[in-house]
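If you want the building blocks of each chain, they are given just below.
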Amino acid sequence: MSASRDDIMKELGLTPVWRLRGAPAAEPAAAAPVAMAAQAPDGEPVTVRVLPKVVPLDARAQGIVNMEWPQLKESVAGCVACPLHKGRNKTVFGVGDEAAEWLFIGEGPGAEEDAKGEPFVGQAGKLLDNMLAAIKLKRGHNVYIANVVKCRPPGNRNPEPGEAAQCEPYLHRQIALIKPRLIVALGKVAAVNLLKRDAAVASMRGKIHQYQGIPLIVTYHPAYLLRSLPEKAKAWTDLCFAVDTMRGLQSGKAAPM
Ligand code: URA
């Protein structure tokens, strides 16, 4: 389905129309429990559940840092490194162009994402797709979308620091494999986890931060924008800033500050 630009603007609560300036019109994560056949002392066959070995975070991170896409996906799919795995239906690895210039990072899956195994497919996802369309981007085309955590936090609460820490090596590896030109952190959870700095989104927007040498811009989370109409105009400002920054990066000029 393709929405017109006016539909998108309406959806974002930003009519009259926004315009782009100058735009022509090794070590896998702990494995899942394995069932094994064994024999009881009386000779009766029993099934023993072998609990996964809990691999220390540093050792896990060292294994993950060299994984290629297939191994990384497999490792996420079987991950039991934090308690979030207990409530999940599907892991939500990330979606899009694995060589994208644009990387959008959210917080963690909600109910719809958990059911489908794809990030941002609920209401917030629709708004994200419209935000992308407003800057002439499309999910999967030069865009990758990922989250800080790959399993749904119960009740859509924020991921706990320990949960985010266990998932961090996966996101790091995704970023290293994608090598995006620009990262857009969607909301405070993404910004704080990537920048290791506890600050409000309001104070982090409008600047070019760095994530391991990659420029990073912070904007509001689409779910927050759905609840807070006035911030949509600010999100549009952030998207324009991101587009200007990307143009600067593509042309090899220093990114604007
Ligand atoms: N919110 C997020 O941060 N990520 C999703 O995938 C969905 C909603």
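Residues numbered from 1 in each chain as written. Predicted model: local features only at pLDDT ≥ 70, side-chain atom pairs only at ≥ 80, totals over all residues. Heavy atoms only, no water.

Overview of the sheet that holds strand β7 (residues 209–211)
Our working rule: We treat two strands as partners when DSSP finds at least two bridges between them. Helix and strand assignments follow DSSP, with helices taken as H or I runs no shorter than four residues and strands as E runs no shorter than two, numbered in order from the N terminus. Only heavy atoms enter the contact rule, under which two residues are in contact if any of them lie within 4.5 Å. Between N-to-C directions, angles span 0 to 180 degrees; the directions come from axes that are lines fitted to C-alpha atoms, helices contributing only their stretch in contact.
Read from one edge to the other, the open sheet built from 6 strands follows the order β3-β5-β4-β6-β8-β7, with strand pairing classed as mixed. Strands with a single pairing partner mark the edges of an open sheet, and in this sheet they are β3 (95–96) and β7. As paired elements, β7 and strand β8 (residues 214–219) share 3 bridges and run antiparallel to each other. Paired with Tyr211 across the bridge in β8 is Ile214. On top of the sheet, helix α7 (residues 188–195) reaches β4 (102–106), β6 (182–186), β7 and β8; it is set at about 130 degrees to β6, its chief contact.

Some points on the side chain of Gln174
Stated formally: A simple rule labels every residue: compare its accessible area, found with a 1.4 Å probe on the protein chains alone, to the largest value its type can have, and call it buried under 20%, exposed over 50%, or partly exposed in between. Here a polar contact is recorded for every N or O atom pair within 3.5 Å, except that within protein the pair must consist of a potential hydrogen donor and a potential acceptor, and residues adjacent in sequence are included only if both atoms are side-chain atoms.
Locating Gln174 in the fold gives a position in helix α6 (residues 161–178). By relative accessible area, Gln174 is classed as buried at 1%. Engagement of the side chain of Gln174 in a polar contact is seen with the side chain of Tyr144, the distance being 3.5 Å. In this view, Gln174 contacts Trp69, Leu72, Phe93, Gly94, Tyr144, Ala146 and Lys150; residues no more than four positions away in its chain are not counted.

Details of the site of the ligand
Operational definition: Here, proximity means that at least one heavy atom of the residue falls within 4 Å of the molecule or strand. With residues, only the protein chains shown are counted as cover, and all accessible areas are computed by Shrake-Rupley using a 1.4 Å probe. Classes in brief: Ala, Val, Leu, Ile, Met, Phe, Trp, Tyr, Cys and Pro nonpolar; Asp, Glu, Lys and Arg charged; the others, Gly included, polar.
Near the ligand, the surroundings consist of Gly106, Glu107, Gly108, Glu113, Pro119, Phe120, Asn147 and His221. Note that a nitrogen atom of the ligand is positioned 2.8 Å from one of the side-chain N or O atoms of Asn147. Surface burial for the ligand is 91%, taken as the share of its 240 Å² of free accessible area covered by protein chains. Of the residues assigned to the shell around the ligand, the class counts are 2 nonpolar, 4 polar and 2 charged.

Section: the packing of aromatic side chains
Note the threshold: Side-chain rings of Phe, Tyr and Trp (the six-membered ring for Trp) are treated as a pair once their centres are within 6.5 Å; stacked means planes under 30 degrees apart, edge-to-face means over 60, and tilted covers the remaining angles.
Scanning all chains against the criterion turns up 4 aromatic pairs. Pairing Trp69 with Phe93 gives two aromatic rings, centres 5.9 Å apart and planes at 70 degrees, and the pair type is edge-to-face. In this pair, Trp69 is assigned in helix α3 (residues 69–77) and Phe93 in the loop between α3 and β3, connecting sequence segments 24 residues apart. In this pair, the class of Trp69 matches that of Phe93, namely buried.

Describing the nonpolar core
Where we set the bar: Put simply, buried Ala, Val, Leu, Ile, Met, Phe, Trp, Tyr and Cys residues joined by side-chain atoms within 4.5 Å make one nonpolar core.
Core analysis: the biggest nonpolar cluster contains 66 residues, and Trp102, Phe104, Ile105, Ile175, Ile183 and Leu194 have the highest contact counts within it. Ranked by residues supplied to this core, first place goes to helix α10 (residues 231–250) with 9 residues. In this structure, Ile105 is in contact with Ala146, Asn147, Val148, Leu171, Ile175, Ile183, Val184, Ala185, Leu186, Ala190 and Leu194, ignoring residues within four places of it in sequence.

So, the pattern of salt bridges
Put simply, the test is: Only one rule defines a salt bridge in this text: a Lys or Arg side-chain nitrogen within 4 Å of an Asp or Glu carboxyl oxygen.
A complete count under the given rule lists 11 salt bridges for this structure. For Glu163, the salt bridge is made with Arg157, and the minimal N-O distance between the two is 2.8 Å. Note on Arg157: relative accessible area 28%, which makes it partly exposed. Close ionic contact of Lys234 with Glu231 constitutes a salt bridge, the shortest N to O distance being 3.0 Å.

Quick notes on α6
Our working definition: One less than the number of residues in a helix, times 1.5 Å, gives the span that helix is expected to have. What the bend at a residue measures is the angle between two axes, fitted to the seven residues ending there and to the seven starting there.
Over its 18 residues, α6 runs 24 Å from end to end, which matches the ideal 26 Å to within 8%, given 1.5 Å per residue. The largest bend in α6 is about 40 degrees, located at Cys167, with the proline Pro169 one to four residues further on. Taken as a whole, α6 has its buried residues at Glu163, Ala164, Gln166, Cys167, Pro169, Tyr170, Leu171, Arg173, Gln174, Ile175, Leu177 and Ile178. In the segment just after α6, Lys179 is the residue with positive phi, at about 55 degrees.

Some words on the environment of Tyr220
Along the chain, Tyr220 falls in the loop between β8 and α9 (222–227). Owing to a relative accessible area of 6%, Tyr220 belongs among the buried residues under this scheme. Expressed as a C-alpha distance, the spacing of Tyr220 and Glu231, which sit 11 residues apart in the sequence, is 7.8 Å. Those residues in contact with Tyr220 that sit more than four places away from it in its chain are Leu186, Gly187, Val201, Ala202, Arg205, Leu225, Glu231, Lys234 and Asp238.

Let's talk about unusual backbone geometry
Of note, Lys136 is a non-glycine position whose phi angle comes to about 65 degrees, a positive value. Along the chain, Lys136 turns up in the loop between α5 (123–134) and β5 (143–147). One non-glycine residue, Lys196, adopts positive backbone phi at about 55 degrees. For Lys196, a relative accessible area of 55% translates into the label exposed.

What about the pairing of β4?
When a strand is regular, its side chains alternate between the sheet's two faces. Among the 5 residues that make up β4, 5 are buried, leaving the element largely enclosed by the rest of the structure. Neither face of β4 is open: one carries Trp102, Phe104 and Gly106, the other Leu103 and Ile105, and all of them are buried. With 5 bridges joining them, β4 and β5 adopt parallel strand pairing. Within β5, the position partnered with Trp102 by the bridge is Val143. Both β4 and β6 contribute to a ladder of 4 bridges, which runs parallel. When the bridges of β6 are listed, Phe104 appears paired with Val184.

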